[in-house]
Amino acid sequence: MATTDRQATTLALAHALSAAERGLAVIPLSRTKLPALRSPHRAEPVPRPGRTTPCHGECGRFGHGVHDASTDPARIRALFAAAPRATGYGIACGLPPHHLIGVDLDTKSGTDPSAALRELALRHLFTVPTTVTVLTPSGGRHLWLSSPPDVVVPNSASRLAPGIDIRGAGGYLVGPGSRTDHGTYTTAPGTARSAPAACPPALLRLLLPPPRAHHPTPPSAGGHGRGLVQFVLAAHEGQRNTRLFWAACRAYEDGIGPALVNPLVDAALTTGLSEREARATIASAARTTGHHP
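Structure report, in brief. Just so it is clear, the model here is predicted, and its values are computed rather than measured.

Some details on the pairing of strand 6 (residues 156-161)
Here comes step 1: Of the pairings in the sheet, the one linking strand 6 to strand 7 (residues 164-167) comprises three bridges and is antiparallel in character. Bridging from a neighbouring strand, Ser156 pairs with Ile166 of strand 7.
Here comes step 2: Hairpin connection from strand 6 to strand 7: two residues lie between these consecutive antiparallel strands, with Gly163 at a positive phi of about 85 degrees.

A short note on helix 6 (residues 240-253)
Here comes step 1: A rise of 1.5 Å per residue sets the reference length of helix 6, with its 14 residues, at 20 Å; its end C-alpha atoms lie 20 Å apart and thus fit the reference within 8%.
Here comes step 2: Arg240, Asn241, Leu244, Ala247, Ala248, Cys249, Ala251 and Tyr252 are the residues of helix 6 that are buried.
Here comes step 3: One or two residues past the end of helix 6 sits Gly255, with phi positive at roughly 80 degrees.

Some details on the sheet that holds strand 1 (residues 26-29)
Here comes step 1: Spatially, the three strands line up as an open sheet ordered 1-2-8, and their pairing is antiparallel. Since the sheet does not close on itself, it has two edges, and those belong to strand 1 and strand 8 (172-174), each with one partner. Each strand of the sheet is rotated relative to its neighbour by a mean of 35 degrees, with strand direction disregarded.
Here comes step 2: Across three bridges, strand 2 (residues 88-92) lies against strand 8 in antiparallel orientation. Residue pairing across strands places Ile91 opposite Leu173, the latter belonging to strand 8.

Definitions and limits used
- Residues numbered from 1 in each chain as written.
- Predicted model: local features only at pLDDT ≥ 70, side-chain atom pairs only at ≥ 80, totals over all residues.
- Heavy atoms only, no water.
- Pairing = 2+ DSSP bridges.
- Helix = DSSP H or I, 4+ residues; strand = E, 2+ residues; numbered from the N terminus.
- Expected span 1.5 Å × (residues − 1).
- Buried < 20%, exposed > 50% of the residue type's maximum accessible area, 1.4 Å probe, protein only.
- Axes fitted to C-alpha atoms, helices over the stretch in contact; angles between N-to-C directions.

Rendered as C-alpha coordinates:
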(Lines give C-alpha, C1' and ligand atoms only; values in the text may rest on other atoms or scores of the structure.)
Protein backbone atom coordinates (compact mmCIF):
# COMPACT_ATOMS: atom_id res chain seq x y z
CA MET A 1 0.00 0.00 0.00
CA ALA A 2 1.30 3.44 -0.88
CA THR A 3 2.55 5.72 1.85
CA THR A 4 -0.25 8.18 1.16
CA ASP A 5 -2.83 5.41 1.67
CA ARG A 6 -1.22 4.41 4.96
CA GLN A 7 -1.33 8.02 6.06
CA ALA A 8 -4.98 8.26 5.04
CA THR A 9 -5.81 5.15 7.09
CA THR A 10 -3.95 6.49 10.12
CA LEU A 11 -5.72 9.82 9.80
CA ALA A 12 -9.11 8.15 9.38
CA LEU A 13 -8.51 6.10 12.52
CA ALA A 14 -7.59 9.24 14.45
CA HIS A 15 -10.77 10.98 13.31
CA ALA A 16 -12.84 7.88 14.12
CA LEU A 17 -11.42 7.68 17.64
CA SER A 18 -12.14 11.38 18.14
CA ALA A 19 -15.75 10.84 17.05
CA ALA A 20 -16.07 7.87 19.41
CA GLU A 21 -15.00 10.09 22.31
CA ARG A 22 -18.13 12.15 21.57
CA GLY A 23 -20.34 9.06 21.82
CA LEU A 24 -20.56 8.38 18.07
CA ALA A 25 -20.28 4.73 17.02
CA VAL A 26 -18.02 4.30 13.98
CA ILE A 27 -16.91 1.80 11.31
CA PRO A 28 -14.05 1.98 8.74
CA LEU A 29 -15.00 2.97 5.19
CA SER A 30 -13.25 2.54 1.85
CA ARG A 31 -12.64 5.28 -0.70
CA THR A 32 -16.00 4.38 -2.25
CA LYS A 33 -17.78 5.30 1.02
CA LEU A 34 -18.78 1.66 1.51
CA PRO A 35 -17.84 -0.37 4.61
CA ALA A 36 -14.19 -1.37 4.28
CA LEU A 37 -14.65 -4.87 5.67
CA ARG A 38 -16.16 -7.57 3.49
CA SER A 39 -18.89 -9.81 4.84
CA PRO A 40 -17.60 -13.02 6.45
CA HIS A 41 -20.61 -14.77 4.90
CA ARG A 42 -19.82 -13.87 1.28
CA ALA A 43 -18.62 -17.39 0.42
CA GLU A 44 -21.57 -19.12 2.05
CA PRO A 45 -24.39 -20.53 -0.12
CA VAL A 46 -27.19 -18.07 -0.70
CA PRO A 47 -30.18 -19.29 1.35
CA ARG A 48 -33.63 -19.47 -0.11
CA PRO A 49 -35.86 -16.54 0.91
CA GLY A 50 -37.32 -17.02 4.35
CA ARG A 51 -35.11 -19.97 5.29
CA THR A 52 -32.72 -18.04 7.54
CA THR A 53 -32.48 -14.58 9.02
CA PRO A 54 -29.61 -12.25 8.09
CA CYS A 55 -26.66 -12.10 10.46
CA HIS A 56 -26.15 -8.68 12.01
CA GLY A 57 -22.93 -9.55 13.76
CA GLU A 58 -24.27 -12.27 16.04
CA CYS A 59 -21.54 -14.56 14.65
CA GLY A 60 -18.92 -12.40 16.39
CA ARG A 61 -16.88 -11.65 13.26
CA PHE A 62 -16.26 -8.29 11.58
CA GLY A 63 -17.83 -7.42 8.24
CA HIS A 64 -21.47 -6.64 9.03
CA GLY A 65 -21.43 -3.01 7.95
CA VAL A 66 -23.09 -0.59 10.33
CA HIS A 67 -23.73 -3.43 12.78
CA ASP A 68 -19.98 -3.43 13.52
CA ALA A 69 -20.13 0.18 14.72
CA SER A 70 -18.65 0.87 18.13
CA THR A 71 -17.47 3.60 20.48
CA ASP A 72 -14.95 1.29 22.16
CA PRO A 73 -11.40 2.44 21.22
CA ALA A 74 -10.00 -1.11 21.34
CA ARG A 75 -12.70 -2.44 19.02
CA ILE A 76 -12.30 0.52 16.67
CA ARG A 77 -8.54 -0.10 16.42
CA ALA A 78 -9.24 -3.77 15.74
CA LEU A 79 -11.71 -2.85 12.99
CA PHE A 80 -9.18 -0.58 11.30
CA ALA A 81 -6.41 -3.17 11.72
CA ALA A 82 -8.65 -5.60 9.81
CA ALA A 83 -9.27 -2.93 7.13
CA PRO A 84 -5.79 -1.58 6.25
CA ARG A 85 -7.07 0.15 3.12
CA ALA A 86 -9.73 2.18 4.91
CA THR A 87 -9.45 5.90 4.21
CA GLY A 88 -12.54 7.07 6.05
CA TYR A 89 -15.08 6.18 8.67
CA GLY A 90 -18.83 6.00 8.94
CA ILE A 91 -20.92 7.19 11.87
CA ALA A 92 -23.87 4.95 12.72
CA CYS A 93 -27.20 6.73 13.03
CA GLY A 94 -29.99 6.05 15.50
CA LEU A 95 -27.78 4.86 18.36
CA PRO A 96 -27.57 6.33 21.88
CA PRO A 97 -26.63 8.77 23.26
CA HIS A 98 -27.34 11.10 20.32
CA HIS A 99 -29.80 8.95 18.29
CA LEU A 100 -28.34 10.68 15.26
CA ILE A 101 -30.39 11.63 12.20
CA GLY A 102 -28.50 12.70 9.08
CA VAL A 103 -30.18 15.11 6.68
CA ASP A 104 -28.22 14.70 3.43
CA LEU A 105 -28.64 17.67 1.09
CA ASP A 106 -27.35 16.13 -2.12
CA THR A 107 -26.58 18.47 -5.03
CA LYS A 108 -25.89 15.66 -7.52
CA SER A 109 -29.59 15.39 -8.35
CA GLY A 110 -29.50 18.77 -10.11
CA THR A 111 -31.99 20.21 -7.62
CA ASP A 112 -31.57 22.71 -4.79
CA PRO A 113 -32.17 20.64 -1.66
CA SER A 114 -31.33 23.53 0.67
CA ALA A 115 -34.11 25.60 -0.89
CA ALA A 116 -36.44 22.60 -0.65
CA LEU A 117 -35.66 22.24 3.05
CA ARG A 118 -36.32 25.94 3.64
CA GLU A 119 -39.65 25.61 1.82
CA LEU A 120 -40.59 22.66 4.00
CA ALA A 121 -39.67 24.66 7.09
CA LEU A 122 -41.94 27.53 6.01
CA ARG A 123 -44.80 25.24 5.08
CA HIS A 124 -44.68 23.16 8.28
CA LEU A 125 -43.68 25.97 10.65
CA PHE A 126 -40.30 24.84 11.95
CA THR A 127 -36.85 26.38 12.00
CA VAL A 128 -33.83 24.46 10.73
CA PRO A 129 -31.54 24.59 13.76
CA THR A 130 -27.87 25.49 13.76
CA THR A 131 -26.07 22.20 14.17
CA VAL A 132 -23.05 20.13 13.13
CA THR A 133 -22.73 20.48 9.37
CA VAL A 134 -20.42 18.35 7.23
CA LEU A 135 -19.46 19.57 3.76
CA THR A 136 -19.23 16.87 1.09
CA PRO A 137 -16.78 16.84 -1.85
CA SER A 138 -19.67 17.24 -4.30
CA GLY A 139 -20.85 20.48 -2.70
CA GLY A 140 -23.60 18.96 -0.59
CA ARG A 141 -24.11 19.15 3.15
CA HIS A 142 -24.94 16.72 5.95
CA LEU A 143 -26.91 18.20 8.84
CA TRP A 144 -26.66 16.28 12.11
CA LEU A 145 -29.79 16.20 14.26
CA SER A 146 -30.74 14.15 17.30
CA SER A 147 -34.04 12.39 17.90
CA PRO A 148 -35.78 11.29 21.10
CA PRO A 149 -34.58 7.87 22.29
CA ASP A 150 -37.97 6.22 21.78
CA VAL A 151 -38.30 7.27 18.12
CA VAL A 152 -36.97 5.16 15.24
CA VAL A 153 -36.38 7.28 12.13
CA PRO A 154 -36.05 5.17 8.95
CA ASN A 155 -33.69 5.80 6.07
CA SER A 156 -35.19 7.37 2.97
CA ALA A 157 -34.10 8.81 -0.37
CA SER A 158 -35.84 11.91 -1.75
CA ARG A 159 -39.05 11.03 0.09
CA LEU A 160 -39.04 14.35 1.93
CA ALA A 161 -38.12 16.31 -1.23
CA PRO A 162 -35.89 15.73 -4.28
CA GLY A 163 -32.25 15.74 -3.23
CA ILE A 164 -32.97 15.30 0.50
CA ASP A 165 -31.94 11.89 1.79
CA ILE A 166 -32.37 10.84 5.40
CA ARG A 167 -29.97 8.61 7.30
CA GLY A 168 -31.68 7.02 10.27
CA ALA A 169 -31.61 3.75 12.16
CA GLY A 170 -29.48 1.21 10.31
CA GLY A 171 -27.79 3.89 8.20
CA TYR A 172 -24.55 5.80 8.52
CA LEU A 173 -22.98 9.12 7.61
CA VAL A 174 -19.47 9.60 6.20
CA GLY A 175 -17.52 11.23 9.02
CA PRO A 176 -15.61 14.50 8.60
CA GLY A 177 -11.97 13.92 7.78
CA SER A 178 -12.76 10.91 5.58
CA ARG A 179 -11.07 10.73 2.19
CA THR A 180 -12.97 9.30 -0.78
CA ASP A 181 -12.45 8.98 -4.51
CA HIS A 182 -14.08 12.40 -4.91
CA GLY A 183 -12.37 14.32 -2.12
CA THR A 184 -12.42 14.90 1.62
CA TYR A 185 -15.37 15.46 3.93
CA THR A 186 -14.90 18.49 6.19
CA THR A 187 -16.80 20.14 9.00
CA ALA A 188 -18.29 23.56 8.29
CA PRO A 189 -16.52 26.33 10.23
CA GLY A 190 -17.88 26.85 13.72
CA THR A 191 -19.75 23.54 13.98
CA ALA A 192 -16.97 21.02 14.62
CA ARG A 193 -17.35 20.72 18.39
CA SER A 194 -21.10 21.27 18.57
CA ALA A 195 -23.51 18.58 19.68
CA PRO A 196 -26.20 17.55 17.20
CA ALA A 197 -29.20 19.85 17.63
CA ALA A 198 -32.57 18.38 18.52
CA CYS A 199 -34.71 17.64 15.48
CA PRO A 200 -37.70 20.04 15.42
CA PRO A 201 -40.90 18.09 16.25
CA ALA A 202 -42.60 19.21 13.04
CA LEU A 203 -39.68 17.94 10.96
CA LEU A 204 -39.51 14.73 12.98
CA ARG A 205 -43.16 14.02 12.11
CA LEU A 206 -42.30 14.37 8.42
CA LEU A 207 -39.44 11.88 8.76
CA LEU A 208 -41.56 9.14 10.29
CA PRO A 209 -43.57 6.73 8.12
CA PRO A 210 -47.35 7.00 8.23
CA PRO A 211 -48.86 5.03 11.14
CA ARG A 212 -49.67 1.40 10.41
CA ALA A 213 -53.03 -0.12 11.06
CA HIS A 214 -53.10 -1.47 14.61
CA HIS A 215 -53.42 -5.24 14.96
CA PRO A 216 -54.31 -6.00 18.58
CA THR A 217 -53.54 -9.43 19.91
CA PRO A 218 -56.63 -11.50 19.01
CA PRO A 219 -58.70 -12.71 21.98
CA SER A 220 -58.22 -16.26 20.71
CA ALA A 221 -54.47 -15.92 21.34
CA GLY A 222 -55.05 -15.31 25.05
CA GLY A 223 -52.49 -14.28 27.62
CA HIS A 224 -49.83 -16.52 26.10
CA GLY A 225 -50.08 -14.65 22.81
CA ARG A 226 -49.72 -11.30 24.57
CA GLY A 227 -46.70 -12.67 26.41
CA LEU A 228 -45.04 -13.67 23.14
CA VAL A 229 -45.65 -10.21 21.69
CA GLN A 230 -44.14 -8.61 24.80
CA PHE A 231 -41.16 -10.96 24.51
CA VAL A 232 -40.47 -9.59 21.02
CA LEU A 233 -41.02 -5.98 22.11
CA ALA A 234 -38.32 -6.40 24.78
CA ALA A 235 -35.67 -7.37 22.20
CA HIS A 236 -32.46 -5.36 21.96
CA GLU A 237 -30.06 -4.91 19.01
CA GLY A 238 -28.53 -8.28 18.17
CA GLN A 239 -31.43 -10.38 19.49
CA ARG A 240 -34.43 -9.08 17.55
CA ASN A 241 -34.53 -11.83 14.91
CA THR A 242 -33.74 -14.52 17.46
CA ARG A 243 -36.57 -13.46 19.78
CA LEU A 244 -39.03 -13.08 16.91
CA PHE A 245 -38.16 -16.53 15.53
CA TRP A 246 -38.51 -18.15 18.98
CA ALA A 247 -41.84 -16.42 19.66
CA ALA A 248 -43.22 -17.36 16.25
CA CYS A 249 -42.17 -21.00 16.74
CA ARG A 250 -43.96 -21.13 20.12
CA ALA A 251 -47.04 -19.52 18.58
CA TYR A 252 -47.27 -22.09 15.78
CA GLU A 253 -46.57 -24.98 18.16
CA ASP A 254 -49.42 -23.75 20.38
CA GLY A 255 -51.86 -23.36 17.48
CA ILE A 256 -52.05 -19.55 17.57
CA GLY A 257 -49.46 -18.82 14.87
CA PRO A 258 -51.80 -17.51 12.13
CA ALA A 259 -53.67 -15.29 14.60
CA LEU A 260 -50.43 -13.85 15.97
CA VAL A 261 -48.66 -13.04 12.68
CA ASN A 262 -49.72 -9.37 12.45
CA PRO A 263 -49.18 -8.57 16.16
CA LEU A 264 -45.71 -10.14 15.97
CA VAL A 265 -44.89 -8.17 12.81
CA ASP A 266 -45.97 -4.93 14.49
CA ALA A 267 -43.86 -5.76 17.54
CA ALA A 268 -40.84 -6.51 15.33
CA LEU A 269 -41.27 -3.20 13.47
CA THR A 270 -41.23 -1.41 16.82
CA THR A 271 -37.83 -2.96 17.62
CA GLY A 272 -36.39 -1.76 14.30
CA LEU A 273 -36.76 -4.75 11.98
CA SER A 274 -38.19 -4.17 8.53
CA GLU A 275 -41.54 -5.72 7.61
CA ARG A 276 -39.80 -7.91 5.04
CA GLU A 277 -37.36 -9.25 7.64
CA ALA A 278 -40.13 -9.81 10.17
CA ARG A 279 -42.42 -11.70 7.80
CA ALA A 280 -39.53 -13.79 6.47
CA THR A 281 -38.55 -14.76 10.02
CA ILE A 282 -42.14 -15.69 10.93
CA ALA A 283 -42.51 -17.68 7.70
CA SER A 284 -39.30 -19.54 8.51
CA ALA A 285 -40.66 -20.33 11.99
CA ALA A 286 -43.85 -21.67 10.43
CA ARG A 287 -41.95 -24.01 8.14
CA THR A 288 -39.63 -25.09 10.95
CA THR A 289 -42.64 -26.17 13.02
CA GLY A 290 -44.27 -27.94 10.07
CA HIS A 291 -46.84 -25.31 9.16
CA HIS A 292 -47.59 -23.39 5.99
CA PRO A 293 -46.94 -19.65 6.39
